[in-house]
Amino acid sequence: MIKKIFIVLVLALGLQVISGCVDCVCGPSRTFVTTIKNLSASNIDSNLPEPMITNATVIKAANYGFKMQLVSDKVANNNKRVNWGFIQTAYACSCVEDMYKPKESVLTLEVFSSNDFDTNRPRNTDLSAYFKVKVGNSLYNIPEYLNYINKSSQPFYDPFYWAAFLQTAPSISKKHKFRIKITLSDGRVLETETAEVHLE
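Residues numbered from 1 in each chain as written. Predicted model: local features only at pLDDT ≥ 70, side-chain atom pairs only at ≥ 80, totals over all residues. Heavy atoms only, no water.

Caption draft 1: Focus on the environment of Glu144. Tracing the backbone through its elements, the reader meets Glu144 in helix 2 (residues 142-151). The partly exposed category is assigned to Glu144, whose relative accessible area is 41%. As for Glu144 and Val133, which are separated by eleven residues in sequence, their C-alpha atoms are 9.1 Å apart. (Helix = DSSP H or I, 4+ residues; strand = E, 2+ residues; numbered from the N terminus. Buried < 20%, exposed > 50% of the residue type's maximum accessible area, 1.4 Å probe, protein only.)

Written as structure tokens, this is what we have:
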């Protein structure tokens, strides 16, 4: 009797797994329109096991980057999927990711330092040309990256998922607090600062 009950349970579980693989109940990919509310930034050290946010006060210039985080709100297309059964089908199959598209475009991204960087870039001069955004194994200058995020929806809630890395070491002051300023298509300007860092 116990053996029969066990076989029935195994068969029921097997059918649930098979039905989960055959019918993921994912529904169509959803696109959420978001609106940008706020901006923050953190220092990154690419020499850690992988590029990671760090509170270190000294970082080699060749490894330095910053990660911006946009705080956004969803404003449209928030439809929930319904999934029936004992087993979550996400374990049995892979669904298409949701996409996020900011309502506003980012027109400019400027980077300023609290100290003189080199002879061509004194304090409060735009340093964005000295940074590139790393996406996978590719590097994009700031205008190229802005063009990319403004033209396409992203599988990330934050379009600045990727970090910007310094390409040129400072030749005057080694201590820098970077101020990041973005201008949005609706006329708003958002600013934030990184913690001060000594670039070796």
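Structure's up, so let's keep going.
Caption draft 2: Here's a closer look at the environment of Leu146. Structurally, the position occupied by Leu146 is in helix 2. Spatially, the C-alpha atoms of Leu146 and Val106 are 6.5 Å apart, while their sequence positions differ by 40 residues.

Caption draft 3: Region of the structure containing the sheet that holds strand 11 (residues 178-184). Spatially, the three strands line up as an open sheet ordered 6-11-12, and their pairing is antiparallel. Two strands bound the open sheet, and with one partner strand each, they are strand 6 (106-113) and strand 12 (189-193). Going across the sheet, the axis of each strand differs from the next one's by a mean of 15 degrees, ignoring polarity. (Pairing = 2+ DSSP bridges. Axes fitted to C-alpha atoms, helices over the stretch in contact; angles between N-to-C directions.)

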